[in-house]
Amino acid sequence: MYLNMINDELKRIYGEKVYRIALNGGMTCPNRDGKIDTRGCIFCSAGGSGDFAEDYRCDITTQIESGKLRIQSKAPKCKKFIAYFQAYTNTYASTDYLRKIFTEAIQHPDVVILSIATRPDCLPPEVLDLLEELNQIKPVWVELGMQTVKEDSAQFIRRGYCLDVYDQAVQALKERDIKVITHIILGLPGETKEDMYASIRHVASQHVYGVKLQLLHILEHTDLADYYRAHPFPVFTLEDYIETVAHCVELLPRDITIHRLTGDGPKKILIEPKWSGNKRMVLNTMHKYLREHEVEQGKWE
Ligand code: SF4
């Protein structure tokens, strides 16, 4: 079995496990504030897909310290962290404000990487310049929610930008030596396995730095939940999901790091797939399958 998992890479580079602290920069999103749409992506929760992030009312250092304490209560020896701006669109603000919060995060002595989740249509040249500058201090990752290459699906989820915009953002970031991590959702209604593999092939062809595979979660208080109740659609079984993930892994070139194989939604508001609420069981079953079937990342390279 061969998987290029990010935790292994970070352990090699930093000599120990590096933990993510999910931060909230207090921004919103053009897909929610009316610039593009007011409804947001169909699956987006009230927390802007950052339901585990720290409290936006606190300054960044306080958020980092609070995240550290929470992680260290379970893993007392951890000393190195990724400052992960997760909630909403984290470059949707003035460059001055972004400089202030990102600099505060990257200069924290225990932070080794700055990771910023954003939309590809929110990366104007002045923000790219800022990220390039910060990337000289410590590594900067930019996480982009491409989700799918299928145009119908992109419209259904109300992604709000076309694939070209994503492709151009990847190119612009790579030219500045900034690492790109692409999010893909598996299990969107109406998508076949081939559609999902087409999304994987697209990111594989771009040789982005990393990929996050995310099982589609149907969460309460989202438009997707309303849609699901009105038009029930098949959701993955655990077995089928694991087989699909295994094939996705085989399609990914070996140099792409895998940052996530499933993802976990907040249990209290998870409607389907219910099995995904037991993250430990899911990961154990998945890794057992990948081992037993000798799944090799980059099998088709
Ligand atoms: S881009 Fe992100 S924050 Fe904005 S609506 Fe979509 S999932 Fe939510």
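Notes on the structure follow. (Residues numbered from 1 in each chain as written. Predicted model: local features only at pLDDT ≥ 70, side-chain atom pairs only at ≥ 80, totals over all residues. Heavy atoms only, no water.)

Turning to helix 2 (residues 60–74), a few remarks are in order. A rise of 1.5 Å per residue sets the reference length of helix 2, with its 15 residues, at 21 Å; its end C-alpha atoms lie 22 Å apart and thus fit the reference within 8%. For helix 2, the complete set of buried residues consists of I60, Q63, I64, G67, K68 and I71. Viewed end-on, helix 2 has its buried residues packed into an arc of 135°, placing them on one side of the element. In this structure, helix 2 carries L69 and S73 as exposed residues pointing more than 90 degrees from its buried face. (Helix = DSSP H or I, 4+ residues; strand = E, 2+ residues; numbered from the N terminus. Expected span 1.5 Å × (residues − 1). Buried < 20%, exposed > 50% of the residue type's maximum accessible area, 1.4 Å probe, protein only. Arc of directions from axis to C-beta.)

Our focus in this paragraph is the sheet that holds strand 5 (residues 179–186). Taking strand neighbours across the sheet as the criterion, the seven strands line up as 1-2-3-4-5-6-8 in an open arrangement whose pairing is parallel. One side of each edge strand has no neighbouring strand; the edge strands of this open sheet are strand 1 (19–23) and strand 8 (257–260). Strand after strand, the sheet turns through a mean of 25° between neighbouring axes, direction not considered. The sheet strands contacting helix 1 (residues 6–14) are strand 1, strand 2 (81–85), strand 3 (111–118), strand 4 (140–147) and strand 8, and the helix crosses strand 8 at an angle near 115°. Sitting on the sheet, helix 6 (residues 163–175) is in contact with strand 4 and strand 5, with an inclination near 165° to strand 4. (Pairing = 2+ DSSP bridges. Axes fitted to C-alpha atoms, helices over the stretch in contact; angles between N-to-C directions. Contact = heavy atoms within 4.5 Å.)

Next up on the list: the side chain of E272. Inspection of the secondary structure assignment puts E272 in strand 9 (residues 270–272). A residue is classified by how much of its surface remains accessible, and E272, at 18% relative accessible area, is buried. Engagement of the side chain of E272 in a polar contact is seen with the side chain of K274, the distance being 3.1 Å. In this structure, E272 is in contact with L216, H217, I218, Y228 and V235, ignoring residues within four places of it in sequence. (Polar contact = N/O pair within 3.5 Å; in protein donor to acceptor, adjacent residues only side chain to side chain.)

If you walk through the whole model with that rule in mind, you get one cavity of 30 Å³ or more. In this structure, the largest cavity spans a volume of roughly 40 Å³. Residues belonging to the lining of the largest cavity are distributed by class as follows: six nonpolar, one polar and no charged. (1 Å grid on protein atoms, 1.4 Å probe; cavity = no way out; pocket = protein on both sides within 12 Å on 5 of 7 lines; lining within 4 Å. Points joined across faces, edges and corners; volume = space filled by probe spheres on them. Nonpolar A, V, L, I, M, F, W, Y, C, P; charged D, E, K, R; others polar.)

Okay, the packing of aromatic side chains next. Under the counting rule described, the total for this entry stands at seven aromatic pairs. Plain terms: the ring middles of F156 and Y227 are 4.9 Å apart, the flat faces sit at 70° to each other, and that makes the pair edge-to-face. On the criterion of sequence distance, the pair formed by F156 in helix 5 (residues 151–156) and Y227 in helix 8 (residues 223–230) is long-range, its members being 71 residues apart. Since its relative accessible area comes to 29%, Y227 is described here as partly exposed. Site record: aromatic cluster; members linked through ring pairs are F156, Y227, Y228 and F233. Of note, R57 hangs over the ring of Y56, and the distance from its end group to the ring centre comes to 5.9 Å. Across the ring face of Y209, the terminal group of K179 is positioned such that the distance to the ring centre comes to 5.0 Å. (Phe/Tyr/Trp six-rings, centres within 6.5 Å; stacked < 30°, edge-to-face > 60°. Lys NZ or Arg CZ within 6 Å of the ring centre and 35° of its normal.)

Turning our attention to the pattern of salt bridges. Across all of its chains, the model carries 20 salt bridges by this definition. The partner of R158 in a salt bridge is D223, with the nearest N and O atoms 2.7 Å apart. One end of the pair, R158, is in the loop between helix 5 and helix 6; the other, D223, is in helix 8, with 65 residues separating them in the sequence. On the basis of relative accessible area, R158 is assigned to the buried category, the value being 13%. Residues R229 and E220 are paired through a salt bridge, measuring 2.8 Å at the closest nitrogen-oxygen approach. The exposure class assigned to E220 is partly exposed, which follows from its relative accessible area of 26%. (Salt bridge = Lys/Arg side-chain N within 4 Å of Asp/Glu carboxyl O.)

Where helix 6 contacts helix 7 (residues 193–206), the two axes come as close as 11 Å, and the packing angle between them is 30°. Viewed along their axes, helix 6 and helix 7 adopt a mutual orientation that is roughly parallel. Between helix 6 and helix 7 the crossing geometry is right-handed. Where helix 6 approaches helix 7, its residues L163, Y166, D167, V170 and K174 are matched on the opposing element by H202, V203 and Q206. By residue class, the composition of the contact of helix 6 with helix 7 is four nonpolar, two polar and two charged. (Parallel < 35°, antiparallel > 145°, perpendicular 65-115°, else oblique. Left-handed = near helix turned anticlockwise from the far one by under 90°.)

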